[in-house]
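Architecture and fold: a report
Here is how the chains run, residue by residue.
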Amino acid sequence: MSGAKNSALKLMAAALLGQGVFHLDNVPRITDVRTMAEVLQCLGAKVTFQGHQMAIEVSSLQGRTPEQLVKSMRASVQVMGPLLARLGWVEVALPGGCAIGRRPLDIHLSGFQQMGASVVLNGDRLVARAPGGLRGADITLRYPSVGATENIMMAAALARGETVIRNAAREPEIVEVQAFLQAMGARVFGAGTPVITVQGVPELGCTDFSVMPDRIEAGTYLLAFLITGGEGTVCRVRPGHFSSLLSVIQAMGGEVAVEGSKVSVAAPKRLHPFALVTRPYPGFPTDLQPQMVAAATQAHGRSELRETVFDQRFGYVRELRKLGAVVRQTGQTVRVYGPVQLRGAQLEAGDLRAGAALVLAALAAEGRTLISGAQHIDRGYECLEEKLGGLGARITRLATMGG
Ligand code: EPZ
């Protein structure tokens, strides 16, 4: 598997807290990483990216982020914590609401304010200031937001005194941010549990670091084996990062074999239906919800999925219906009736994981499916057509497709 998108982006942001040259390896060659590299360069860092190796040189920085880049990628807001802590100010354009819901920043901003920052909205530009530096605070998040947890951790690393973050998100990507910060000299503890403690230090250095494998990419490929009634193995993964998915695959009748950093899945003759609810980690990940709905179209019976993390993450269902899927949505729950022989159609990918779900459904469909909006998929999947092609899929990229 490639390096994890949702870890690489945060490590790149965390580097802004330090000084010197960072060397990252196993960095995925995906659009979002290139966008974040551009953001860092606009802020004054030097970034070189060859193969899967990235060097980031941080010396002097400025805190105004490039409007267009922030609107094109929400993850750019992860630079707020580092810049606010290091420069005492940061200015970002409000990130564009994307295809999966409103996605406000209130939890991030409330954390910064509790640490002594002032936050002002000028039009659609957010300006946060802490001229006298940030001070540690005891912060309870109203929701275990992944991005807010990471942003506040990073800000706290250079704040005066101790910060406690309660009801913190527990995703593996957050444990990686802690390890990265510790390697830079930060005093951060508790990542992976609901309480993270940070003792601020005056300055941070730099480090070399390897990006962890992408658990969502791994899950997407395991579901490709399942939905096509086939079998296969994903390598260089951390199975413990997606045990909730492995349990659902077993509940569907799939055979799962874990051997070190390899996970194999073999589809059963008849896929059983399932019920699941998406939750913050270690619950079932929302980023695999669309892919699970695609797989449910091939299960014998009625499956039920409830989305609790985002408020509009079923946009892709209308596209699955074009293939013949039978899916009923009521509020944040969908019921999927199968098995249905899907038939190729012309589809539109609205966002990254929706696009992945359409690819999976197209693999199970009879005939040819055209998916436009492939640029959304390229945001988070490296060499998708080569990887799937190597598994027996017939998938080609039509350069002329829109977008
Ligand atoms: C991260 O987004 C991931 N992105 C998402 O992956 C992932 O779906 C999400 O975490 C949940 O696991 C990256 O890491 C770059 P949140 P993030 O803050 O940090 C609400 C993908 O496909 N919320 O945990 O933005 C928010 O609206 C992407 O790779 C507030 O209300 O997620 C959402 O409903 C998609 N106020 C919920 O919390 C806030 O201040 C979870 O958001 C922040 C969040």
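This text follows the structure it describes.
A short tour of the structure in this document, coming up. Values in this document were obtained by computation on a predicted structure and should not be read as measured data. (Residues numbered from 1 in each chain as written. Predicted model: local features only at pLDDT ≥ 70, side-chain atom pairs only at ≥ 80, totals over all residues. Heavy atoms only, no water.)

Here the focus is the site of the ligand. Taken together, the neighbourhood of the ligand is formed by 24 residues, with Asp106, Ile107, Ser145, Asp287 and Val309 sitting nearest. A distance of 2.6 Å is found between an oxygen atom of the ligand and a backbone nitrogen or oxygen belonging to Val309. Burial of the ligand by the protein amounts to 89% of the accessible area it has alone, namely 820 Å². Of all the secondary structure elements, the ones that give two or more residues to the shell around the ligand are helix 1 (5-14), helix 5 (106-114), helix 6 (146-157) and helix 12 (352-364). In terms of residue class, the shell around the ligand is built from 10 nonpolar, five polar and nine charged. (Near = heavy atom within 4 Å. Polar contact = N/O pair within 3.5 Å; in protein donor to acceptor, adjacent residues only side chain to side chain. Areas by Shrake-Rupley, 256 points an atom, 1.4 Å probe, with all protein chains shown as cover. Helix = DSSP H or I, 4+ residues; strand = E, 2+ residues; numbered from the N terminus. Nonpolar A, V, L, I, M, F, W, Y, C, P; charged D, E, K, R; others polar.)

All right, on to the side chain of Glu176 then. Mapped onto the elements, Glu176 comes out in helix 7 (residues 172-183). Apart from the residues within four sequence positions on either side, Glu176 is in contact with Ser7, Leu11, Phe209, Ser210, Met212 and Arg238. (Contact = heavy atoms within 4.5 Å.)

Over its 13 residues, helix 2 (residues 31-43) extends 19 Å from the first C-alpha to the last, a length consistent with the 18 Å expected when each residue adds 1.5 Å. Three or more residues of helix 2 are buried, namely Asp32, Val33, Thr35, Met36, Ala37, Val39, Leu40 and Leu43. The inward-facing, buried residues of helix 2 abut helix 1, strand 2 (46-50), strand 3 (53-58), helix 3 (67-72) and helix 4 (80-87). At the C-terminal side of helix 2, Gly44 shows a positive phi close to 115°. (Expected span 1.5 Å × (residues − 1). Buried < 20%, exposed > 50% of the residue type's maximum accessible area, 1.4 Å probe, protein only.)

Glancing now at the pattern of salt bridges. Enumeration over the complete set of coordinates arrives at 20 salt bridges. A salt bridge links Glu91 to Arg64; its shortest N-O distance comes to 3.2 Å. In this pair, Glu91 sits in strand 4 (residues 89-93) while Arg64 sits in the loop between strand 3 and helix 3, placing the two residues 27 residues apart along the sequence. A relative accessible area of 12% means that Glu91 is categorised as buried. Residue Arg64 is classed as partly exposed on the basis of its relative accessible area, which comes to 44%. Across the pair Arg313 and Asp287 runs a salt bridge whose closest N-O atoms are separated by 2.8 Å. In this pair, Arg313 is assigned in the loop between strand 16 (301-306) and helix 11 (317-322) and Asp287 in the loop between strand 15 (275-277) and helix 10 (289-296), connecting sequence segments 26 residues apart. For the pair formed by Arg313 and Asp287, the shared burial category is buried. Here the salt bridges share partners, and the residues they tie into one network are Arg64, Glu67, Glu91 and Arg125. (Salt bridge = Lys/Arg side-chain N within 4 Å of Asp/Glu carboxyl O.)

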